[in-house]
There are 2 protein chains.
Amino acid sequence: MPRYYRYLGELLDENVERISSNELSVRMKVTASQIRQDLNNFGGFGQQGYGYNVQYLYDEIGKILGLDRRHNIIVLGAGNMGQALAKYVKFEKRGFVIRALFDVNPKLTDTSIRGIPVYNIRELASYVRSNRVDIAVLALPKENAAEAAKQLVDLGIKAIWNFAHLDLDVPDDVVVENVHLSDSLMQLSYNIVRRKSEKKNN
Amino acid sequence: MPRYYRYLGELLDENVERISSNELSVRMKVTASQIRQDLNNFGGFGQQGYGYNVQYLYDEIGKILGLDRRHNIIVLGAGNMGQALAKYVKFEKRGFVIRALFDVNPKLTDTSIRGIPVYNIRELASYVRSNRVDIAVLALPKENAAEAAKQLVDLGIKAIWNFAHLDLDVPDDVVVENVHLSDSLMQLSYNIVRRKSEKKNN
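Being a predicted model, the structure only gives us computed values, none of them experimental.

**Student:** Give me the nonpolar core: which residues, what numbers.
**Tutor:** Counting residues in each nonpolar core, the largest one holds 94 residues, and the members touching the most others are Trp161(A) and Trp161(B). Among residues more than four places away in sequence, those in contact with Trp161(A) are Leu85(A), Phe91(A), Ile135(A), Ala136(A), Val137(A), Leu138(A), Glu177(A), Val179(A), Leu181(B), Ser184(B), Leu185(B) and Leu188(B).

Take a look at the structure:
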């Protein structure tokens, strides 16, 4: 769904008003039948023979993705990754608003990043109790991440965006989305090695 | 494979010498038969009834992942994400060494980040011609990323780690690994919305 949303946004930028599943299929490099199946599951936006209304489809998928509401976000860890996320303004435009960062480093606490306050991690519990938090970002070293995740779950947080280099063990009602940068870089490296050995064998 | 490598590294940290596919299966939450199948494909490390030698498996998978060699990396875009990657020392320990960053912003060019020089993007071609570059990272706004990718391909770069918010159109012999942060965040949001509506319907 996020990928559809991205491609539909690009079509809107190009002032495309309608698109058939076949045209979308070529752009997105998936089969037209896959597209019809995916989009039918989400309420049947298409009209046979007319293609999809791009703006309508974009807006409807936006709602399905929860982009019609505001998400209050906190970031645990104000190191390189936490700071980069806090400085990134594009998320905010989509309704993903970072409200606070938390860190153990006394050099960082009580400062702010792009106007967003950095608190001592000790203040996490009291912050969560008195502010609505929809998403917590884990941008901590892996050594501290498991315990932090447990604390977040105990505090009632239901969604974690995890940048720490481990898989979290959380209850079923907590949603986790992982960004494992090291895994991604190693996957790239693996594909490089494989490509080279394929070449050698040809 | 990167995920196996990560879990085996954790086992080594815990001084575990041998592990059966069943034990690994419980930890990684995949089936034991999946594990046996994956690891058999990679040279049959296991011994029936004895389990896997963790250190041996870790080293062999490391080689498969290309971690026994040094990868020279350049980063296009010295903004938030490019800087965060340049400051991140853990990649370097694994042999992924960032050698240079490139940017259009004159405030950034001719500075350095953690000792890594930031060059003007105009110098990219001459840099690539006179230095070995194994991986190029795209940490640019999406508006500039497609053209930059084309230039990298023309310069003979065979591996791109793409953080830009678009899918790259590159020849088959170029390996691409995407990190689409916005897609990941929207996927999280989508799962939050879905979870809530499931709850309501129960």
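**Student:** Which residues make up the packing of helix H1 (residues 2-13) of chain B against helix H2 (residues 21-28) of chain B, and what are the values?
**Tutor:** Residues and elements named next belong to chain B. Running from N to C, H1 and H2 cross one another at 105 degrees; their axes reach a closest spacing of 11 Å. One element, H1, and the other, H2, form an angle in the roughly perpendicular class. When H1 is examined against H2, the residues Arg 3, Tyr 4, Tyr 7, Glu 10 and Leu 11 are found in contact with a partner set consisting of Leu 24, Arg 27 and Met 28. Its residues assigned to classes, the contact of H1 with H2 shows 5 nonpolar, no polar and 3 charged.

**Student:** Describe in detail unusual backbone geometry, supporting the description with residues and values.
**Tutor:** The general pattern is negative phi for most residues beyond glycine and trans for most peptide bonds. Residue and element names in this part refer to chain A. If you check the backbone angles, Asp 110 has positive phi at about 70 degrees while not being a glycine. Relative to the elements of secondary structure, Asp 110 occurs in the loop between strand E4 (96-103) and strand E5 (112-113). For Asp 110, a relative accessible area of 67% translates into the label exposed.

**Student:** Requested: an account of the pairing of strand E7 (residues 135-138) of chain B, with residues and values cited.
**Tutor:** All names here are of chain B. The alternating pattern of E7 places Ile 135 and Val 137 on one face and Ala 136 and Leu 138 on the opposite face, and all of these are buried. Relative to strand E8 (residues 159-162), E7 is paired through 3 bridges, and the arrangement is parallel. Its bridge partner being in E8, Val 137 is matched across the sheet by Trp 161. One crossover worth recording links E7 to the parallel E8 by way of helix H8 (residues 142-154), and it is right-handed.

**Student:** Give me the interface of chain B and chain A: which residues, what numbers.
**Tutor:** Of the residues lining the interface, 61 residues belong to chain B; the matching set on chain A comes to 61 residues. For the pair chain B and chain A, the summed buried area comes to about 5,200 Å², and 61% of that belongs to carbon and sulfur atoms. Per-residue buried area on chain B facing chain A is highest for Arg6(B), Leu185(B) and Met186(B); these three make up 13% of the total on that side. Counting across the chain B and chain A interface gives 8 salt bridges.

**Student:** Requested: an account of the side chain of Asn191(B), with residues and values cited.
**Tutor:** Tracing the sequence through the fold places Asn191(B) in helix H9 (residues 181-201). A distance of 3.1 Å separates a polar atom in the side chain of Asn191(B) from a polar atom in the side chain of Arg194(B). When neighbours within four sequence positions are excluded, Asn191(B) is seen to be in contact with Val175(A) and Glu177(A).

Cut-off values and rules
Residues numbered from 1 in each chain as written. Chains lettered and ligands numbered in written order. Predicted model: local features only at pLDDT ≥ 70, side-chain atom pairs only at ≥ 80, totals over all residues. Heavy atoms only, no water. Core = buried A, V, L, I, M, F, W, Y, C linked by side-chain atoms within 4.5 Å. Buried < 20%, exposed > 50% of the residue type's maximum accessible area, 1.4 Å probe, protein only. Contact = heavy atoms within 4.5 Å. Axes fitted to C-alpha atoms, helices over the stretch in contact; angles between N-to-C directions. Helix = DSSP H or I, 4+ residues; strand = E, 2+ residues; numbered from the N terminus. Parallel < 35°, antiparallel > 145°, perpendicular 65-115°, else oblique. Nonpolar A, V, L, I, M, F, W, Y, C, P; charged D, E, K, R; others polar. Pairing = 2+ DSSP bridges. Right-handed = clockwise from strand over helix to strand, strands pointing away. Buried area = accessible area lost by both parts, 1.4 Å probe. Salt bridge = Lys/Arg side-chain N within 4 Å of Asp/Glu carboxyl O. Polar contact = N/O pair within 3.5 Å; in protein donor to acceptor, adjacent residues only side chain to side chain.

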